[in-house]
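Secondary and tertiary structure notes
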Amino acid sequence: MLPAASAAALPQWPQANSDLAADPDVTFGVLPNGLRYAVRHNVTPPGQVSMRFAILAGSMEEAHDQEGLAHVLEHMAFRGSAHVPDGEMISTLQRLGLRLGADLNASTSRTMTTYQFDLAKGDAQSVDTGLMLFREIASELTLDPKRLDAERKIVTAEAHTRTPAEMQYEAMSSNAVFGDHPYARLPIGRIEVIQNAPVQRLRDFYEAYYRPENAMLVIVGDIDPADIVAKLTAKFSDWKGRGKAGPEPGPIAVKTPQPLKVVLADIPGLTPAAQGLQLYYRHAWRPFRADAANTEESEIAVLAGMALNVRLAQMLEVSGRPAVALSALSLSDEPPLLRMDRSSAGFVSNWQNALALLVKARRQFLQTGLSADELKLVVAQRRSLYQQLVAMSSAQQSPALASGILYNGATGNVSRNAKQLLEFFNRVVTKLTPERVIAVARKLAAKDEPIIVLAPPQPIAGGEQALRDVYAKAEAAPVAPYQPPAAKTWHYTDFGTPGTVAEKRDVAAGVTMIRFANGVRLTVKPTDFAKGQILVSVQFGHGQLDLPRDKVTAADFGVSAMNFGGLDDMTMTELGQALAGRGVDAFAQQGGTAFTLGRTTGPVTPDALELQMQLFAARLAHPGWRTEFWPGLIASLANSDDADLSSPMNVWGREGPALLHPDDARWVANTGALRASWTPDQAVAFMKPIVETAPIEIVMVGDITIDRAIEVTAKTFGALPPRIETKEPAGLREAHFPGPVTAPVVLHHNGPDSQALAVIAWPTTDGFADRMDTHAAAVLSSVIQERAIARLRNAEGKTYTPIVGTDFSQVFPGYGVLMAMAQVEAVDVDEVFATFDDIAADILAHGISDDEFQRALKPRIEGSERNQTNNLFWLRALVGAQADPRKLDFAATQAEEFHKVTLADVMKSAKKWLDRKRSWRAEVIPRAKAAAASGQ
């Protein structure tokens, strides 16, 4: 840490010591006390401001008897300061329209603690309030022992929201890679420290690391940068560190040669996503300087990794798919501690073949190099990414910009804009050769043996030695140059005679609805919210509603059959190569009311729109239905049933939907026993007729004209054979709520005794029955949640976060729910039910104060107003709007109607729905404790 003495001793932004220029639109500066700040004017979203305040210290800086206190201190930042009473910080921000969790948040990592305010408005009151609160966090926290005792319980409850399996896996992996270095510590800390550490040890950390020379402040939004700099200078210039600055751990010592190390993480209850294979190749830390030479080297290293990953996708496709995905040569710095590259396999079904492939591919690449064609492919992919960033740069969102500037500064990288990134990349690749790429890869890739971490779905025969044997065999195998398969080119450009428009009508909110002669429907909303960005989605069929009502079948994997099947003459890998660098992609999902084709990478640019529509149309008109993926998918899910039972929230996520939609198999989760009898042909048989015949609806929102939308749709979907709309099957949209219960429905989980879940659900009605009631109930849910937080969290420390919300269905007539839940210890479940019942009864008997009402209503108003200028909101709102115009009307009037919600409306909603006798409830308790209580 540097003292705030002379200008030469002050910390600097990375560009101060670099020959790279930073984003000229950002005003960077350093106050005389060492606080670094960055301010940028940005008008997306209009009128809003994003503020980030970071202390560059986290769990890595804690002493052994402080493990977890960086995170506790983050919590205590909201529990009172010299000028803001306990609890008032959150209330103050809510009155400004901030939503807890979404706009008001904080987080602690290994190296940094970040406080985040996304202000609904950039007026002087909001900005001044945000700066004042950050200044209080900086040095004015009271750290009252009584409030600390309450917060200890909350942080402990937060720790208990994570399953022991995932905590054990993360700790095991960290210890394997980082050893006994403090970086290996998990930010959540040690429970014994959280519960017992003296308040002085918290103050010690606060004074050692919450110092101006160790802090960054970033403000981006619809503001005048000069005005903001003047404000923050006035507010923070008097901040001084107390006492001696805290020490920083040095780099991780890496001695060479490093022997092979194997860690077998045989941990029951891991989710399928965690059941993977990791190879960590470590090498000594080399200080990173963000200059042009090092940045060029890093860019080339990224291209090397991309090229190897293209190979891995090709190798995976012809090797029986031992995993769903492979990646290798992922170079990274764990700043400023360690350099390493990593190979990994996800959703592993055959670990032996996956490990052999990863080792073979890395050795082959580093020893024999890559071809000019391989380099050309990944250069096109990388350039396309930068070009898309440039095209969309005028619509960058302030929250993302603020977080990006902060991240770059904290990790020693120069913040550059999209144009600078593209120009630099083009200079790097102008004369780039395969020989230069492989030379950089060989320089940066570790030469010693890796640390192998395997988390298998099932115990493996031979244990760690089996991994060593497979690795040794792969390392000893001869290496020959890679021979890539012949590349295929994109040819799905002609779908027949362009379709004609049968109907076109302009409706509310600037929306135009079109129907083509073949029955395809197109809904378009041109906006100027995000220049150069278009959101597109394609809907077909009824999604989850199409699943059988009477039994669970392989239809659950119908979408998987579509996604992995590729096109009729192109595998998914061939498809990816043919479209590499062209800014398009397509992924199918099963939604609640439709199957959807969308993009995994967000908006599409206007230049890529026609190709994107060709890809979407080809996925429906020319599906491949390959089923080689099936064994790997089923095998990778082998442990999912254990994971689903490993925590109360997992159990509720699995069983809750079926309980709230009784006698309807569409909400029942599949099991390993069911999957064992299913075949891929069954999944294809379900999905194929839907893909081939279901009516198609397309929604476009963003930087698009009506004429252009019609043109590209006419040449693709409009040219397809007719899609005849038929009457929905009887009962498709029928659902009923479970009847009231006198005692909670009991579910069990296999996790620790410290975890349980209490759920109360009050039946309501659908979202169209009375829109004002829908809005009033949403405000009511916020009031209930705030009261639950005050009692169950802040006063009693029994839960991390009570959750209360509403879902007034727009699908099922008469169906809706107001739900409250809290994860607590099993002994506190009855108290949670009693607390929620008491809150409901008190609201009915004594009402809601005006301040409560305003703090609940204001964020709803601000959120609904933001939605009106949000393309994603409109994309979702317009799905199905041609068939049901009420959806568009609901979306278009939402902001206006929230302004009209009164306290009397909220009380009316409370009296209508908060009836104890009508409520349904469930508890998820530890299976072991339940068995012990019953004497089993």
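Residues numbered from 1 in each chain as written. Predicted model: local features only at pLDDT ≥ 70, side-chain atom pairs only at ≥ 80, totals over all residues. Heavy atoms only, no water.

What follows deals with the packing of aromatic side chains. Applying the stated criterion across every chain, the model contains 26 aromatic pairs. Measuring from ring centre to ring centre gives 4.8 Å for Phe-178 and Tyr-183, while their planes differ by 80 degrees; the resulting arrangement is edge-to-face. With relative accessibility at 9%, the residue Tyr-183 sits in the buried group. One Lys or Arg, Arg-110, reaches over the ring of Tyr-183 and ends 5.2 Å from the middle of that ring. The side chain of Arg-362 reaches across the aromatic face of Tyr-281, ending 3.5 Å from its centre. (Phe/Tyr/Trp six-rings, centres within 6.5 Å; stacked < 30°, edge-to-face > 60°. Buried < 20%, exposed > 50% of the residue type's maximum accessible area, 1.4 Å probe, protein only. Lys NZ or Arg CZ within 6 Å of the ring centre and 35° of its normal.)

Quick look at the nonpolar core now. One finds Trp-490, Phe-540, Ile-698, Met-700 and Phe-717 to be the most contacted residues of the largest nonpolar core, which totals 67 residues. The greatest single-element share of this core, amounting to eight residues, is contributed by helix α18 (residues 609-621). Discounting chain neighbours no more than four positions away, the residues touching Phe-540 are Met-562, Ala-594, Phe-595, Thr-596, Leu-597, Leu-620, Met-687, Ile-690, Val-691, Ala-694 and Pro-695. Formed by 64 residues, the second largest nonpolar core is a distinct cluster that contains Val-310, Phe-425, Tyr-482 and Ala-580. (Core = buried A, V, L, I, M, F, W, Y, C linked by side-chain atoms within 4.5 Å. Helix = DSSP H or I, 4+ residues; strand = E, 2+ residues; numbered from the N terminus. Contact = heavy atoms within 4.5 Å.)

This part takes up helix α28 (residues 871-878). Residue pairs spaced three or four apart in an α-helix point in one direction, given the helix's 3.6 residues per turn. Taking burial as the measure, the eight residues of α28 include six buried ones, the bulk of the element. Every buried residue of α28 is listed here: Asn-871, Phe-873, Trp-874, Leu-875, Ala-877 and Leu-878. Tucked into the core, α28 has its buried residues touching β14 (521-526), β15 (534-540), β18 (696-702), α27 (850-867) and α29 (886-900). Capping the start of α28, Asn-870 holds a side-chain oxygen 2.8 Å from the backbone nitrogen of Leu-872, two or three residues further along. Directly beyond the C-terminal end of α28, a positive phi value near 85 degrees is found at Gly-880. (Polar contact = N/O pair within 3.5 Å; in protein donor to acceptor, adjacent residues only side chain to side chain.)

Glancing now at the environment of Pro-335. Here Pro-335 lies in the loop between β9 (323-334) and β10 (338-348). Its relative accessible area of 28% is what places Pro-335 among the partly exposed residues. When the C-alpha atoms of Pro-335 and Pro-526 are compared, they prove to be 44 Å apart, with 191 residues separating the residues in sequence.

Moving on, we get to the pattern of salt bridges. A complete count under the given rule lists 63 salt bridges for this structure. Note that Glu-711 and Lys-715 form a salt bridge whose closest N and O atoms lie 3.9 Å from each other. Of this pair, Glu-711 and Lys-715 both sit in helix α24 (residues 706-715), four residues apart, which is roughly one turn of the helix. Arg-855 is the partner of Glu-786 in a salt bridge, and the nearest nitrogen-oxygen pair spans 4.0 Å. Here the residue Glu-786 occupies a position in helix α25 (residues 771-795), and Arg-855 occupies one in helix α27, the gap between them amounting to 69 residues. Each of Arg-79, Asp-86, Arg-147, Glu-151 and Arg-793 takes part in one network of salt bridges that share partners. (Salt bridge = Lys/Arg side-chain N within 4 Å of Asp/Glu carboxyl O.)

Secondary-structure assignment places Asn-417 in the loop between α12 (398-411) and α13 (418-429). Overall, Asn-417 belongs to the buried group, its relative accessible area being 17%. Within polar-contact distance, the side chain of Asn-417 engages the backbone nitrogen of Lys-419 at 3.2 Å. If we ignore the near neighbours within four places in the chain, the residues touching Asn-417 are Asp-23 and Pro-24.

Our next topic: the sheet that holds strand β19 (residues 745-749). Ordered by their spatial adjacency, five strands build an open sheet running β19-β23-β20-β22-β21, and the pairing between neighbours is mixed. Either end of the sheet is taken by a strand with one partner, and the two such strands are β19 and β21 (803-808). Sheet twist, expressed as the mean angle between neighbouring strand axes with direction ignored, is 20 degrees. Contacting β20 (756-763), β21, β22 (816-824) and β23 (920-926), helix α26 (residues 829-846) runs over the sheet at an angle of about 30 degrees to β20. (Pairing = 2+ DSSP bridges. Axes fitted to C-alpha atoms, helices over the stretch in contact; angles between N-to-C directions.)

Glancing now at the sheet that holds strand β3 (residues 49-55). Strands sit in the order β1-β2-β6-β3-β5-β4 across an open sheet of six strands; the sheet is mixed. The open sheet has two edge strands with one neighbour each: β1 (26-30) and β4 (104-108). On average, each strand axis in the sheet is tilted by 10 degrees relative to the strand beside it, whichever way the strands run. Pairing analysis gives seven bridges linking β3 to strand β6 (residues 215-221), with the strands arranged antiparallel. Note on β6: the bridge partner recorded for Ser-50 is Val-220. α12 contacts β1, β2 (36-41), β3, β5 (113-119) and β6 of the sheet and is inclined by roughly 155 degrees relative to β6.

Moving on, we get to the confidence of the model for the chain. For the chain, the mean per-residue pLDDT works out to 93, and 98% of the residues sit at or above 70. In the predicted structure, residues 1-8 sits below a pLDDT of 50 and forms 16 contacts with residues beyond four places in sequence or in another chain. (pLDDT = per-residue confidence, 0-100.)

This part takes up the environment of Leu-264. Along the polypeptide, Leu-264 turns up in strand β7 (residues 261-264). As a C-alpha pair, Leu-264 and Leu-467 span 203 residues in sequence and 8.7 Å in three-dimensional space. Beyond its immediate chain neighbours, meaning those up to four positions away, Leu-264 contacts Met-172, Leu-454, Pro-456, Ile-460, Gly-463, Glu-464 and Leu-467.

This brings us to the pairing of β3. With seven of its seven residues buried, β3 lies for the most part within the structure. Across the two faces of β3 the burial is the same, with Val-49, Met-51, Phe-53 and Ile-55 and Ser-50, Arg-52 and Ala-54 all buried. Direction of pairing for β3 relative to β5: antiparallel, over a ladder of seven bridges. By the bridge assignment for β5, Ser-50 is matched with Asp-118.

Moving on, we get to unusual backbone geometry. In this structure, Pro-45 follows Thr-44 across a cis peptide bond, with omega equal to -5 degrees. Mapped onto the elements, Pro-45 comes out in the loop between β2 and β3. Note the cis peptide between Thr-256 and Pro-257, where omega equals -5 degrees. Note on placement: Pro-257 falls in the loop between α8 (225-236) and β7. The phi dihedral of Leu-329 is positive, around 60 degrees, even though this residue is not glycine. Along the chain, Leu-329 falls in strand β9. On the accessibility criterion, Leu-329 (2% relative accessible area) is buried.

What follows covers the packing of helix α1 (residues 69-76) against helix α7 (residues 199-209). Where α1 contacts α7, the axes come no closer than 10 Å and their chain directions differ by 85 degrees. As summarised for this structure, α1 and α7 are arranged roughly perpendicular, according to the angle between their axes. Contact with α1, carried on its side by Leu-69, Ala-70, Val-72, Leu-73 and Met-76, involves Arg-201, Leu-202, Phe-205 and Tyr-206 of α7 and no other residues of that element. For the contact of α1 with α7, the residue count by class is eight nonpolar, no polar and one charged. (Parallel < 35°, antiparallel > 145°, perpendicular 65-115°, else oblique. Nonpolar A, V, L, I, M, F, W, Y, C, P; charged D, E, K, R; others polar.)

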